[in-house]
Amino acid sequence: MLIHINEETKQFHLTNGQVSYIFHIMKNQQLGHLYYGKALRHRADFSHLQRYDVPTAASCHLYADDPAFSLETARQEYPSYGTSDFREPAMSLRSQDGSHISNFQYDSYSVTKGKPALAGLPATYASDDEAETLTIILKDTRMQAELQLHYTIFKHHPIMTRSASISNGGSEALYIERMMSASVDFADKDFTMIQLSGAWSRERHVLERPLQMGIQSVSSMKGASSHQHNPFLALRRPQTTEHTGEAYGFNFVYSSNFLAQVEVDHYDVARLTMGIHPFRFEWKLKAGEEFQAPEVVMAYSNTGLNGMSQAFHNVYREQLIPEQWKKEERPVLINNWEATYFDFNEEKLVDIAMEAKELGVELFVLDDGWFGKRDNDTTSLGDWWEDRTKLPNGLEGVSKRIHDLGLKFGLWFEPEMVNPVSELYKEHPEWAIHTPGAPQTLGRNQLVLDYSRDEVINYLYEKIAGIIEKTGLSYIKWDMNRNITEAYSLGLETDQQGEFFHRYILGVYKLYDRLTTNYPHVLFESCAAGGGRFDPALLHYAPQAWTSDDTDSVERLKIQYGTSFAYPLYSIGSHISAVPNHQTLRVTPLETRANTAYFGTFGYELNPIDMTDDEKAAVKEQITFYKKHRSLVRDGHFYRLQSPFHHNETAWMVVSEDQSEALVGWYKVLATPANKTQQTLPLVGLHEQVEYEIEGLAGTFYGDELMQVGIQLPTEFNGVNGSKAARGGDYQSQIFYLTQRGE
């Protein structure tokens, strides 16, 4: 049993032996929060975990005979505004008379095995023996509305999910102005807040700040989860490290406008809320209708930040990505974009594919430029038919030649966009998002299609599905290269324009769902100018994402390190590109580029025809190495060892479930002064009593020694030890493969 209900004390305790979450019904029949953290032994009464008997001078109180009971000082589960709690609420609901005051009181509960799906939304999933779900029903009799709070706890993960839904039981419309998916009132503010922020080409850098009185937040209002802020937030205790101490992680399963914030009040209580951004959001809830908010995945760890990350990784690999891709090996691919850009024809593509096949590549991806009259980025988005001047035999012809080589075939699409210079825009200008009478903003010479309209989705489904069938596609890279401006839909009523952003992303999910349901063999990789929409919602359909357009191996250390805080390695698109790098002009060794890319979904963004014989031989070895170890990268436990945000060196490792093998990556960006002492790299996650062999090193090493002392790094050049030095200079890297002796 994962959910315990104390009927007499009106308390609810969700626990799986790793985490506990406890709340109860307060005297005003609203929900009060009692505890969230390390698993507690169940008992009949937890009411002592929050006190309601200490009056304060400034608080407003609900009962004349009880001045101590005030929502201003109470820790709550799903707070509303205006009845003595002045903090930002989880819910704001407006009725026809203009009132914003709601009073959702407890009505009933239900417990179900497993995890029900969320209507129209991607979410984690679970069978009856993997999770239990508690639904709390609250009612506001004045507004005639019913609020349902959904809590799922997983059996094998220190993970909970939360979401909320509301239905209108009255005869008049209600207006949802704010509806967070989760709210947690912590008892104190003694936390450091962690966010994953940045910009195009430097996504998901790790930023930290101690909580202070007031509001600290990350958000997006771009119509996408954004390059700037990932829909992720973590709280760690000040003493918490990567591998020790408490940490709480929150990840929003949503791909559009979001708000993740912590408000610290004047009593040092920290309220975390996460959900759809309330700015420019208003949902008209008609009589008899229901609105479902997306879910938040909540991870608890008492084994540091790395424990939090592993909890996210495990639940996403097992309970979020499509079932068919859980154990499927992802193909090593080559993408022609940086090799040719728009300048290609069928023969050039086939020549690249032939060379790539000889190197061991398994999938050839034709990127932008194959459709309409697309010789640059000013034209043809939306015209999803092949350019016969480049591909005289059509997509069928080039795909057949690729397949005849023994390679799989993939294509790039940008289905959410349209160029003003296109046949589609000429025929349907009303399909492009714009505000009537206002100027239209261009981004990358393109406009955004209105995915809140079913006719747009139907058109795109027919085009993409037709291409899948006639070419035998195995892979689609779904790109999105600009954000939404002039947000307005000609298909919505005037008083429903606040629904636009949410209806847009529901349309994206609808198209993804139709395509992945009808073509489950097609591997989708999501992309948004690189990492602008890397979120758990899209992992529900596309099990991997193009992590960043910046493929420079030095920059990727930070990007991939930060991404790993929430997302598993096998979702991280990580490829080797040519040098000088097309984003930074940095020249790094081919070996270092590979050593970085191994820890993700491996591939190439270059032209193999231009490579020397030595480079081709090295690439063959890289691909052979990755194929040997990709199941370990997919299924193993990932550990961060040294942070690129704090050091000149970065290190991480993957350890198999049974601790019999491990893959360690070590990277040094810049050479350091001569005569430094020999370095060691302490490892984690190994079995103390197991004797390990390290490929390329003589002897054996016990797990306790490797974790307490570390692995000896190769000798670095110091100016006088030339014959003995095994490494030196900038952009060094090393991969260590450990196996249990005798394995």
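In what follows, the structure referred to is the one given above.
In what follows, the accompanying structure is described. (Residues numbered from 1 in each chain as written. Predicted model: local features only at pLDDT ≥ 70, side-chain atom pairs only at ≥ 80, totals over all residues. Heavy atoms only, no water.)

All right, on to the overall build of the protein chain then. On a plain count of helices and strands, the protein chain comes out with twelve helices and 38 strands. Against the globule reference of 27 Å for 743 residues, the protein chain gives a C-alpha radius of gyration of 27 Å, in line with a compact fold. Each of the three principal axes of the protein chain carries a C-alpha extent, and together these read 85 × 70 × 45 Å. Split into buried and exposed, the 743 residues of the protein chain put 62% on the buried side. Of the roughly 27400 Å² that the protein chain leaves accessible, carbon and sulfur atoms contribute 49%. (Helix = DSSP H or I, 4+ residues; strand = E, 2+ residues; numbered from the N terminus. Rg over C-alpha atoms; globule rule 2.2 N^0.38 Å. Buried < 20%, exposed > 50% of the residue type's maximum accessible area, 1.4 Å probe, protein only. Areas by Shrake-Rupley, 256 points an atom, 1.4 Å probe, with all protein chains shown as cover.)

Attention shifts here to the side chain of Glu416. Relative to the helices and strands, Glu416 is located in the loop between β23 (408–413) and β24 (417–418). A relative accessible area of 0% means that Glu416 is categorised as buried. Engagement of the side chain of Glu416 in a polar contact is seen with the side chain of Tyr504, the distance being 2.7 Å. With residues near it in sequence (within four places) discarded, Glu416 still touches Leu447, Val448, Leu449, Tyr451, Trp478, Asp479, Met480, Tyr504, Val508 and Arg533. (Polar contact = N/O pair within 3.5 Å; in protein donor to acceptor, adjacent residues only side chain to side chain. Contact = heavy atoms within 4.5 Å.)

A few words on the packing of helix α3 (residues 346–359) against helix α11 (residues 613–635). At a closest axis distance of 8 Å, the pairing of α3 and α11 adopts a crossing angle of 60°. For the element pair α3 / α11, the angle class is oblique. Taken together, the residues of α11 that come into contact with α3 (itself represented by Glu355, Glu358 and Leu359) are Lys616, Val619, Lys620 and Ile623. Along the lines of polarity and charge, the residues of the contact of α3 with α11 split into three nonpolar, no polar and four charged. (Axes fitted to C-alpha atoms, helices over the stretch in contact; angles between N-to-C directions. Parallel < 35°, antiparallel > 145°, perpendicular 65-115°, else oblique. Nonpolar A, V, L, I, M, F, W, Y, C, P; charged D, E, K, R; others polar.)

Let us look at the layout of surface pockets. Put simply, the largest pocket is a space of about 460 Å³. Forming the walls of the largest pocket are 26 residues, and the residues nearest its centre are His157, Gln310, Asn314, Glu318 and His637. For the lining of the largest pocket, the secondary structure elements donating two or more residues are β20 (296–301), α1 (304–319) and α11. Considering every element that reaches the lining of the largest pocket, the biggest residue donor is α1, with six residues. Tallied by class, the residues present in the lining of the largest pocket amount to seven nonpolar, eleven polar and eight charged. Taken together, 19 residues form the lining of the second largest pocket, with Trp200, Trp337, Arg444, Asn481 and Asp549 sitting closest to its centre. Taken together, the residues of the lining of the second largest pocket sort by class into six nonpolar, five polar and eight charged. (1 Å grid on protein atoms, 1.4 Å probe; cavity = no way out; pocket = protein on both sides within 12 Å on 5 of 7 lines; lining within 4 Å. Points joined across faces, edges and corners; volume = space filled by probe spheres on them.)

Right, let's talk about the pattern of salt bridges for a bit. Going through the model one piece at a time under the given rule, you end up with 46 salt bridges. Lys27 serves as the salt-bridge partner of Asp66, at 2.8 Å between the closest nitrogen and oxygen. Residue Asp66 is found in the loop between β4 (31–38) and β5 (91–94), and its partner Lys27 is found in the loop between β3 (19–25) and β4; the two are separated by 39 residues along the sequence. Overall, the relative accessible area of 17% leaves Asp66 in the buried class. Several salt bridges converge on common partners, so that one network encompasses Asp85, Arg87, Asp185, Asp265 and Arg271. (Salt bridge = Lys/Arg side-chain N within 4 Å of Asp/Glu carboxyl O.)

Within helix α4 (residues 394–404), burial applies to Gly394, Leu395, Gly397, Val398, Ser399 and Ile402. Turning to α4, the residues buried within the fold contact α3, β22 (363–366), β23 and α6 (454–471). The first or second residue beyond α4 is Gly406, which carries a positive phi of 90°.

Taken together, the four strands give an open sheet; going across it, the order is β1-β2-β3-β4, and neighbouring strands pair in antiparallel fashion. What marks the edges here is a single partner per strand, and that holds for β1 (3–6) and β4. Ignoring which end each strand starts from, the neighbouring axes of this sheet average 15° apart. Where β1 meets strand β2 (residues 11–15), four bridges bridge the pair, whose relative direction is antiparallel. Note that in β2 the partner of His4 across the bridge is His13. (Pairing = 2+ DSSP bridges.)

Most of strand β11 (residues 192–197) is tucked away, with six of its six residues classed as buried. Residues Thr192, Ile194 and Leu196 point to one face of β11 and Met193, Gln195 and Ser197 to the other, with burial holding for every one of them. As judged from the six bridges shared by β11 and strand β12 (residues 205–210), these two strands associate in the antiparallel manner. Across the sheet, Leu196 pairs through a bridge with Val206, a residue of β12.

This brings us to empty space enclosed by the protein. Going through the model one piece at a time under the given rule, you end up with seven cavities of 30 Å³ or more. By volume, the largest cavity is sized at about 130 Å³. Forming the walls of the largest cavity are 13 residues, and the residues nearest its centre are Gln30, Tyr78, Pro79, Phe104 and Leu138. Grouping the amino acids of the lining of the largest cavity by side-chain chemistry returns eight nonpolar, five polar and no charged. For the second largest cavity, the calculated volume is near 50 Å³. Forming the walls of the second largest cavity are Tyr254, Asn257, Ile276, His277, Phe279, Arg280, Phe281, Gly498, Phe501 and His502. Per-class residue counts for the lining of the second largest cavity are five nonpolar, four polar and one charged.

This part covers the packing of α3 against α4. Running from amino to carboxyl end, α3 crosses α4 at an angle of 20°, the nearest separation of the two axes being 10 Å. Relative to α4, the element α3 is oriented roughly parallel. Crossing geometry of α3 relative to α4 is assigned as right-handed. Mapping the contact onto sequence places Glu346, Glu347, Leu349, Val350 and Ala353 in α3 and Val398, Arg401 and Ile402 in α4. Tallied by class, residues from the contact of α3 with α4 come to five nonpolar, no polar and three charged. (Left-handed = near helix turned anticlockwise from the far one by under 90°.)

What follows deals with the sheet that holds strand β35 (residues 691–694). As summarised here, the arrangement of the six strands in space is β31-β32-β33-β38-β35-β36, forming an open sheet in which the pairing is antiparallel. The sheet is open, and its two borders are formed by β31 (637–642) and β36 (700–702), each paired with just one other strand. Adjacent strand axes in the sheet meet at a mean angle of 25° when their direction is disregarded. Alignment of β35 against β36, held across three bridges, turns out to be antiparallel. Bridge pairing in β36 places Tyr692 opposite Phe701. Helix-sheet contacts for helix α10 (residues 590–597) involve β33 (661–668) and β38 (732–740), and the interaxial angle to β38 is about 50°. Together, β31, β32 (649–655), β33 and β38 form the strand contacts of α11, whose direction differs from that of β33 by roughly 100°.

The subject of this paragraph is the nonpolar core. It is characteristic of soluble globular proteins that their nonpolar side chains tend to be buried jointly. Core analysis: the largest hydrophobic core is formed by 187 residues, its most contacted members being Ile166 and Trp370. Here Ile166 is in contact with Met91, Leu93, Phe104, Ala145, Glu146, Leu147, Ile176, Met179, Leu285, Glu289, Glu290 and Phe291, once residues within four sequence places are set aside. Membership of the second largest hydrophobic core comes to 22 residues, among which are Val664, Tyr692, Ile694 and Ile711. (Core = buried A, V, L, I, M, F, W, Y, C linked by side-chain atoms within 4.5 Å.)

All right, on to the side chain of Arg87 then. Of note, Arg87 is situated in the loop between β4 and β5. Within the structure, Arg87 has its side chain in polar contact with the backbone oxygen of Leu71 (distance 3.1 Å). Residue contacts for Arg87: discarding those within four places in its chain leaves Leu71, Glu72, Ala74, Gln76, Tyr81, Asp185, Glu263, Asp265, Val269 and Arg271.

Under the defined criterion, the tally for this structure stands at 49 aromatic pairs. Measuring from centroid to centroid gives 6.5 Å for Tyr36 and Tyr300, while their planes differ by 55°, and the two rings are tilted. One end of the pair, Tyr36, is in strand β4; the other, Tyr300, is in strand β20, and 264 residues separate them in sequence. Connected via pairs of aromatic rings, a cluster forms that spans Phe12, Tyr21, Phe23, Tyr36, Tyr106, Tyr109, Tyr151, Phe186, Phe191, Tyr248 and Tyr300. Across the ring face of Phe69, the terminal group of Lys27 is positioned such that the distance to the ring centre comes to 5.9 Å. Stacked on the ring of Tyr175, the Lys or Arg Arg94 has its end atom at 4.6 Å from the ring centre. (Phe/Tyr/Trp six-rings, centres within 6.5 Å; stacked < 30°, edge-to-face > 60°. Lys NZ or Arg CZ within 6 Å of the ring centre and 35° of its normal.)

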